[in-house]
Each structure stands twice: as C-alpha cells, then as structure tokens.
Amino acid sequence: MGIDGTGPAAPGAPGAWWSQDAAALFAALGSEPRGLSAGEAQRRLAAVGPNTMVDVRVATRWQLLGRQLASPLTLILVAGAAISLGVGEWIDALTILLIIAIGTGIGFVQELRAGHALQALRRRLAIEVQVRRPDGMLRRAASLLVPGDVIELSAGNLVPADGLVLQARDFLVDQSSLTGESLPVEKRAAAVPADAALNARTNAVFLGSSVRSGTAAVLVVSTGRATAMAGIAARIAAPDEQTQFERGVRRFGDLLLRVMVGVVVGVLLVNQLFGQPGIHSALFAVALAVGLSPELLPAIVSVSLARGARRLARGGVLVRRLDAIEDLGGIDTLCTDKTGTLTLGVMALDGALDARGHPSAETLQAAWLNAAFETGIRNPIDAALVQAGRAAGLSTDGWVKVDEIPYDFVRRRLTIVLAAAADTTRHRLISKGACAETLAACTQVRDGGQAHDLDDAWRGRLQAFVQGQGERGVRVLAVAVADRAAQASWGHGDESGLTLIGFLCFSDPPKPDAREAISALAGRGVRVKMITGDNRHVAAHLAREVGLDAQALLTGAALDAMRDEALWALAERTDLFVEVDPAQKERIVRALQRTGHAVGYLGDGINDAPALHAADVGISVHGAADVARESADIVLLGPDLGMLRRGLEEGRRTFANTLKYIYITTSANFGNMVSMALATPLLPFLPLTATQILLNNLLSDVPSMAISTDRVDAAAIERVPRWDMAEVRRFMIVFGLVSSAFDLAAFALLRLVFDADAVLFHSAWFVMSLLTELVVLLVLRTREAAWRSAPSGLLAGLTVAVAAIALGLPHWPWSATLFGLTAPPLAVWGALLALVCAYGVATEITKRWFFRSTERGVSAP
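Residues numbered from 1 in each chain as written. Predicted model: local features only at pLDDT ≥ 70, side-chain atom pairs only at ≥ 80, totals over all residues. Heavy atoms only, no water.

**Description of the overall build of the protein**
The helix and strand inventory of the protein stands at 30 helices and 23 strands. In the protein, which comprises 861 residues, the proportion classed as buried is 55%. Expressed as a percentage of contacts within the protein between residues at least 6 apart in sequence, the contacts between residues at least 24 apart total 73%. A total accessible area of about 35,000 Å² is found for the protein, and carbon and sulfur atoms account for 58% of it. (Helix = DSSP H or I, 4+ residues; strand = E, 2+ residues; numbered from the N terminus. Buried < 20%, exposed > 50% of the residue type's maximum accessible area, 1.4 Å probe, protein only. Contact = heavy atoms within 4.5 Å. Areas by Shrake-Rupley, 256 points an atom, 1.4 Å probe, with all protein chains shown as cover.)

**Observations concerning the environment of Val479**
Mapped onto the elements of the fold, Val479 is located in strand S16 (residues 475–485). Considering only alpha carbons, one finds Val479 and Ala352, 127 residues apart in sequence, at a separation of 9.5 Å. If we ignore the near neighbours within four places in the chain, the residues touching Val479 are Thr363, Ala366, Ala367, Ile430, Ser431, Thr499, Leu500, Ile501, Gly502 and Leu504.

**Some points on the pattern of salt bridges**
Inspection of every chain in the model, using the stated rule, returns 31 salt bridges. Between Arg563 and Glu565 there is a salt bridge, with the nearest N and O atoms lying 3.7 Å from each other. Judged by its relative accessible area of 44%, Glu565 is partly exposed. Through salt bridges that share partners, Glu40, Arg43 and Arg44 make up one connected network. (Salt bridge = Lys/Arg side-chain N within 4 Å of Asp/Glu carboxyl O.)

**Observations concerning the packing of aromatic side chains**
What characterises a pair of aromatic rings is the spacing of the ring centres plus the angle enclosed by the ring planes. Here the structure, examined in full by the defined rule, presents 15 aromatic pairs. Ring plane angle 35 degrees and centroid distance 5.2 Å describe the contact between Phe465 and Phe503, whose orientation is recorded as tilted. Pair noted here: Phe465 is in helix H15 (residues 456–471) and Phe503 is in strand S17 (residues 498–507), with a separation of 38 residues, a long-range link. Ring centres of Tyr663 and Phe731 lie 4.7 Å apart, and the angle between their planes is 65 degrees; on these two criteria the pair is classed as edge-to-face. Of this pair, Tyr663 sits in helix H23 (residues 641–679) while Phe731 sits in helix H26 (residues 725–753), and the two are 68 residues apart along the sequence. The class for Tyr663 is buried, based on a relative accessible area of 12%. For Phe731, a relative accessible area of 2% gives the class buried. Aromatic rings pair up to connect Tyr663, Phe731, Phe735, Phe850 and Phe851 into one cluster. One residue, Arg201, lies across the ring of Trp18, its end atom 3.6 Å from the ring centre. Directly above the ring of Trp458 sits Arg461, whose terminal nitrogen or CZ lies 4.4 Å from the centroid. (Phe/Tyr/Trp six-rings, centres within 6.5 Å; stacked < 30°, edge-to-face > 60°. Lys NZ or Arg CZ within 6 Å of the ring centre and 35° of its normal.)

**A look at the packing of H15 against helix H17 (residues 536–546)**
At a minimum axis separation of 7 Å, H15 and H17 run at an interaxial angle of 15 degrees. Here H17 runs roughly parallel to H15, going by the angle between their axes. Where H15 crosses over H17, the handedness of that crossing is right-handed. When H15 is examined against H17, the residues Gln467, Gly470 and Glu471 are found in contact with a partner set consisting of His537, Val538, His541 and Arg544. Its residues assigned to classes, the contact of H15 with H17 comprises one nonpolar, four polar and two charged. (Axes fitted to C-alpha atoms, helices over the stretch in contact; angles between N-to-C directions. Parallel < 35°, antiparallel > 145°, perpendicular 65-115°, else oblique. Left-handed = near helix turned anticlockwise from the far one by under 90°. Nonpolar A, V, L, I, M, F, W, Y, C, P; charged D, E, K, R; others polar.)

**Quick look at the sheet that holds strand S19 (residues 553–555)**
The eight strands are arranged S8-S23-S22-S21-S9-S18-S20-S19 in an open sheet whose pairing can be described as mixed. Both outer strands of the open sheet, strand S8 (317–319) and S19, are each paired with one neighbouring strand and no more. Adjacent strand axes in the sheet meet at a mean angle of 20 degrees, parallel and antiparallel pairs treated alike. Contacts from H17 reach strand S18 (527–531), S19 and strand S20 (576–578), with the element oriented near 155 degrees to S20. (Pairing = 2+ DSSP bridges.)

**Considering unusual backbone geometry**
A positive phi angle, near 55 degrees, is found at Arg412, a position not held by glycine. The phi dihedral of Asp755 is positive, around 50 degrees, even though this residue is not glycine. Within the element layout of this structure, Asp755 appears in the loop between H26 and helix H27 (758–780).

**Describing the environment of Ser739**
Within the element layout of this structure, Ser739 appears in helix H26. Among the residues examined, Ser739 registers a relative accessible area of 3% and is labelled buried. Taking the C-alpha atoms as reference points, Ser739 and Ser675, separated by 64 residues in sequence, lie 8.2 Å from one another. Leave out the neighbours within four places in its chain, and Ser739 touches Gly671, Asn672, Ser675 and Tyr839.

**Focus on the pairing of strand S14 (residues 442–447)**
Two elements, S14 and S17, share three bridges in a ladder whose sense is parallel. Each residue of the ladder has a partner; that of Cys442, found in S17, is Leu498. Inspection of the sheet shows S14 paired to strand S15 (residues 450–453) by four bridges, in the antiparallel sense. Paired with Asp447 across the bridge in S15 is Gln450. Two successive antiparallel strands, S14 and S15, enclose a turn made up of two residues, where Gly448 displays a positive phi of approximately 65 degrees.

**Observations concerning the nonpolar core**
Of all hydrophobic cores here, the largest spans 63 residues; its most connected members are Phe761, Trp765, Phe766 and Met768. Elements with a minimum of two residues in this core: helix H10 (297–314), H23, helix H24 (690–701), H26, H27, helix H28 (793–808) and helix H30 (826–855). What Phe766 contacts, discounting residues up to four positions off in sequence, is Leu688, Gln692, Leu695, Asn696, Leu699, Leu809 and Leu821. By size, the runner-up hydrophobic cluster in this structure holds 39 residues, among which are Ile325, Ala514, Ala539 and Leu644. (Core = buried A, V, L, I, M, F, W, Y, C linked by side-chain atoms within 4.5 Å.)

**So, a nonpolar patch on the surface**
A cluster of nonpolar side chains, Leu85, Trp90, Leu94 and Leu97, forms an exposed patch at the surface whose accessible area comes to about 430 Å². The leading source of residues in the nonpolar patch is helix H5 (residues 90–125), at three residues. By the secondary structure assignment, Trp90 is in helix H5. For Trp90, a relative accessible area of 52% puts it in the exposed group. (Patch = residues over 30% accessible without salt bridge, like charges linked within 9 Å, V, L, I, M, F, W, Y side chains within 5 Å.)

**Some thoughts on the confidence of the model for the protein**
Averaged over all residues, the pLDDT of the protein is 82; the fraction at 70 or higher stands at 81%. Counted against residues more than four places away or in other chains, residues 1–10, with its pLDDT under 50, gives 29 contacts. (pLDDT = per-residue confidence, 0-100.)

**With respect to helix H16 (residues 514–522)**
Every buried residue of H16 is accounted for by Ala514, Ala517, Ile518, Ala520 and Leu521. Projected onto a plane normal to the axis of H16, the buried residues spread over an arc of 160 degrees and lie on a single side. (Arc of directions from axis to C-beta.)

**Points about the environment of Gln387**
For Gln387, the location among the structural elements is in helix H13 (residues 380–391). Overall, Gln387 belongs to the exposed group, its relative accessible area being 59%. In sequence terms Gln387 and Ala348 are 39 residues apart; their C-alpha atoms lie 9.3 Å from each other.

Given below as structure tokens:
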C-alpha cells in the first residue's frame, strides 16, 4: 500500500480502512475481536505470504549449486574443458571437469552449512508478538501475522504490521521513520476522515514504528509488501551500504583483476611470438588466470563466518548478519550505557525519604502507587518500588487510575493521575522522575506535614542533598504530588505547581568484573565510553569504580551548546557523556565516526535505537526492547562486557584467518604465475600443462579450507584489524618474487643439470610447486617464528595429507595418462627437497624483515 493509502490493502479490506469503524473492518476482514482461529490464520498465511518486506527464504540446494556453477571462475574452467573437447584432448577435458566437480562440491557444502547456521540464528532472534485466538492468547513470530489477526502491543514493542487501534491506554507511538515527526504520537480508537494524511491517522499504527508507552489492541489490516512502510521503501530503495570488510574484498578483487588481465595478455603474446600452439597457449593462459585467483575465497569467508557464528552463539553472542562478526572485531570505540552493563542492573530501593532526608511512609506510598499503576516502559526502578511496596504491605485498594502522562526523555518524569474510590470529584497527581526536572515543576515543598514555598534556600538545600547522594553512587529520584479538581483528561501542561514530598534513593553497584573487562578491552585497542541519562555525580562515582576517567566528562547541556566541530575534537577525549537524551547519543556516535573511529554501541532501551542504527556495530541484549534488538547487528544473551570481549576476539580471529588465506594464496599463486610466465619464452615447452596447473591449484587449496580453525597470534587479537591494500600488494609482490626466485633456480637445475625433458620437468616442478605452497602456508600463517606457533590439528593434518599426495602422485600408474606425470629419479628428488627446505628458510627470514619494516612504517617494495 502506498503512503497515501490508495495502494493495495489486504484482500477484503476497504481502501481507506482507517476511516472505518471496528465492526465494519472486522466484517470486511472476516475476523472478530477474539481473533482468527489457528486454521484460518494458517490458510491466510499460505494465501498472502509471510509478513516480510523482503524475501528471506533460505536458498534451496539447487539454487546454491547453481550459484557455484555460475561463478566466473567456474565458467572459465567450463570454457577450457569445452576447448579441450573441441581439439580432441578428452583426458584434459575430463580432468578439468573433475576439478570443477570437486571445487564446486566443496563450495556447495560449505555454503549450505553457512546458510543453515544463519537460519538458526534468525529463528533465535525472531521478533514475537502477542496474538489473540478464540481459545486464548499466544506468542507468535511477527513474520506469521496475517490480515485479520488481533494483536496486543505494549511499550518497547515494534509495530509488526499496519492495523487499526481497537483499544488503547496511554498509547504513544514513535512513527518518525515514516513521517519525520520528532515526538511520539498518541493513538486512540476513533475513526478519522478517509483523506487524512498518514501523520493524522491517529487510530492507526504502521509497520516500522515503535511503542514508546502504554498498551493497545490492534486489528491487523496489511502485512509485508502491502504495508505503508513497504511502499516507502520501494520508492527510496537503495543498495545496502558495504561494510568495511566487504569494501576490502571488493578492492582486493579489483587488484586481482588488473594483475590477472596483465598476466594472461602477456603470456598469450609471448607464446605467440615463440610459436607455441594456439590452443595450448589459450588453455595455459586460462589456467594461469584461474591459478592466480583465490577461487575458494567466498567459501572460506562463509566457512569462517559460520564457524565464528556458531562459536559466538555457544558463548552467548548471537549475530543478526554474519559479516557483522568481522565488523565487531574492527571496532576501536565502545559506547555503552551503565545500567546492567557496568552495574549489576538490579536496582534496590535504599530509602524513601522526606525533603529533609528522613524515612517517609508518605513518599513510599506515593511512589508505590505511581509504579503500580504505570503502564509504560518496564524498568528496574519501578520493579524495585513494586517489590518494596509489597514487602511493606502496601495496596492499591481504594484508588482508581484516571490517567497517565507517560515518561519522555525531555520531561524525564512520569505522572499518574488517581482518584480515591470514595471521592471521584478530586484527582491526585503523583509525579516521579529525575530530580532537576521534577523540582522545576514544583512550587512548594512539604516539611513536617506543612507545605512551604520552594524558595532559593530550599532549592539549594535539596540540590546539595541530591549531589551528596550522587557522589556516593546513589541514584536519587524526586516525588511530587498535587491535589486538583477532577477533569476529563490530563497533559504535560498540568505538571506545574506541584509539591515536592521527598526522594527515592536507589543503589545499583558496579559489576565485580567491570574494571577488569574495561581493562581487557583497552588492551585490545578498544576504548570504552559511558553514555547515560543519569546525573553527573552518580556517573562519575561509577566511572571511578570501574576505571574510567571521571574528569573526562561532558554533560548533555554542554553538548547542546556545542558546534559539531567542537564535539568532533572533544568526543575523542571524553569518557563520560552524562545527562544526555536519545538524539544526543546518536550525535556522539557520529562525532566519533567523523574523527575516524569504528564505533560499537551497546544499548537495550527504546531511546537507544537511533544510536544503534548510527553505530558501525549496533549491540543489544536478548531481553531488550524490540526496537533496540531489531536495530542491532549483534545480540548478547546477557549485558556482559566479558561476553562482548569474547565476541570481539572471535571477530578478530575470523578476520585474521580470512586475511591469512588471501595473503598466503595470492603471494604463492602470484609467484608461480610469474615463474611460469618468465619461463615460457625460455623453455621449448610449457612449464606445466593447463591440467597440471589446475590440479596443483585445487590440491593447494585443500588445507586452506581448514584455515578457519587455525590458531591466531595473540598480537592479532590485541590490535584493531584494518584492510590495507597497499600491504596486500606489497606482500603479494615480495613473497611472490621470493617464490619465483626458487622456481627459476629449480628450472635451471632441471634443464642445465638434469637435462629434463617435458615430462620429467612437469613432474618435478609440479611436486616442488605444490610443496612450496604448503611450506609457505605453514610459515606465513603466523608473524611469529613458524616453529613457535603450531597450526590447528585439522590444518596440520590436511597439509601433511596433501604433501603425501604430492609426493605419491607421480608414482601412481594412472597419473601419466591422466596428468602427464612420471616419477623423478632419486637425485632429482633430493635436489627438489633441498630447494623446498631452502625456500622455507628464506621465506621465514623475509617474513621477519617484512613485518619489522611494516611496523616501523617503512614501505616494503
């Protein structure tokens, strides 16, 4: 349905359904206030499809297989096989097809496993909603909603579909993503004109909005692609912004493409100049191009990410998108709230006090009634008050709720309006909230049962009390009341002329391991910054407890008065942002990003959603508000910095192992390709046949499939990973040329010393080339000395297995027919193995020089 409401709605629903009364709309949709039966809901789901704007179906096995076969590298190999068949080289053709089958099979299996892992994560993170059925309420995945369902929403819920409000109580909805309105809108069950603009449809809720406070029952009218949000999304659709890792892979692909084109064109020209057969030259050039490409990179990335996701899930960290694992590893700044993350998150009411700081039953009674009748955002403060009131034997008997003025992040207080059951002509307002904002609404203070003007002396005394408590780490809320004549409704304007009756003191001690967790993150290059709406004194006390710099503090008021340029400079040096509102949280994140930081934001509240969206990695917790959880890339099963640290380490481990494959494979392949390109004009035959090149490339890639299981250097976990294409290029050239030097030495040895013919030359260099690729894998997989860093068991086992195949393959009876290989003499074996050992030593020495020069900032050639 379009935003103007004239597009398609659900089958049977009127076009301007917001102008209909509930009875007419129920009849049109074939539903009733008790909701649809399970059978009817299932039938409608089959008819209209899932409640999603995009197709999230997992790819079938045939689709995955088709994707593997449609890759450019596979198509190049198929073309090579076709050329071989065309010239009668059927053995070469069959060998190439066998290589295609093996490579495609490996990629297919790994992508299938990765897809299953992602689907499992999606199921764990699916948003659920309360749905009415004739036999009672049930929780159902939002994606399964259909027109005619009746759902119940409350504070913190995402609105899962477009629908008509049937009943509402203090129901405020944030629909800024559709209308741009900065403040939540109250929704009521009353029809509006058919031509009402979307922001004037006060009886309707829309997919993409979120509930800020209150409760409501809603009749679902439109789902999925028939919603207003889908109409907007279709018009402004843009490709998703690439992540840092995706941008790196794309730049790497561009580099390879340039090198590949240069190598292929150069080899074809040289071969033609020296009179090599055209068909064999073409196959050889194609094989070189394929050999240079890390064709298993997509599969290895998928394997690494899927394995990382499974490991993280076991540790309590769930990912909403797989590539967020590497993004998490790349953050250097973590912004977090304090409650539940740096503190235990279990509020305890230490005292209900009067204006002089003495215990007060009146303050406790008023606060208890406020918390007990509140229907907005569930929070630990109200939970602590309800628990304390019950322990004190308090009851709501004798009181009737009249109205509620919900909490917002500007007023920072919540007001409940009550009437005594015995006298409904008078209403009592009970307001509870942040001290500064609540005191601003007060004109009197109650002391000893008498009301006094709240003059400057009293204000100074009260502010000193609040500051003193804050400096002890005690969070203080103010409680104020007013008795007024009854009226039909109450709003923000009525929160004036209140009488302060006392304070509520809460404690939320720091987690015992918070200081250690912050220190551990700092040791990994991640600076933690606290962003909180709490007052500066409480935040500073906690900061000192957990090891943050309490002096590096910026208040929301100061931030408001600051230009963006000033904030860019100051945000980097600030550890505590206090007394901030939701818009300021997003502004802080963007300021840090503007100065070059990769920012993670950890939040679980409705007010955290904008900052979660803005951050490079949004992190929430499993019990968070729907809107926060849906805005996040990473979901923790608990608000634990230690859990987050483990997730960050896994992200860096995944990033490091992916880069290992890229660095090692491209340098080894580049060296082999340069060697063959240089040798082509100097030899009377091609250095290797096309089939031998492809077989060599396939075998050398087998151990690489285990790179995702490899151990990672401690230094790689401690530093923030970044793509550096200049370093990738230098690495490829330096180590590729080291490899080429030893290849050329082998060529000279085989031709000048052993007078090798084509078959012996091919056999000897095939084995040596494969062994050197295995050696370089073991040497370059770590920046440490190779003998001090053991590979994973799987990687070591596959490396040994491929080495055994390389040594044994020339001796197999059928290898001469299929691959053109023969067993070299013992003297040739000895010379080749000596060169392989020398190559390993030379690579180790070059590695030390390369990384020392890189760390000093000296560019390697």
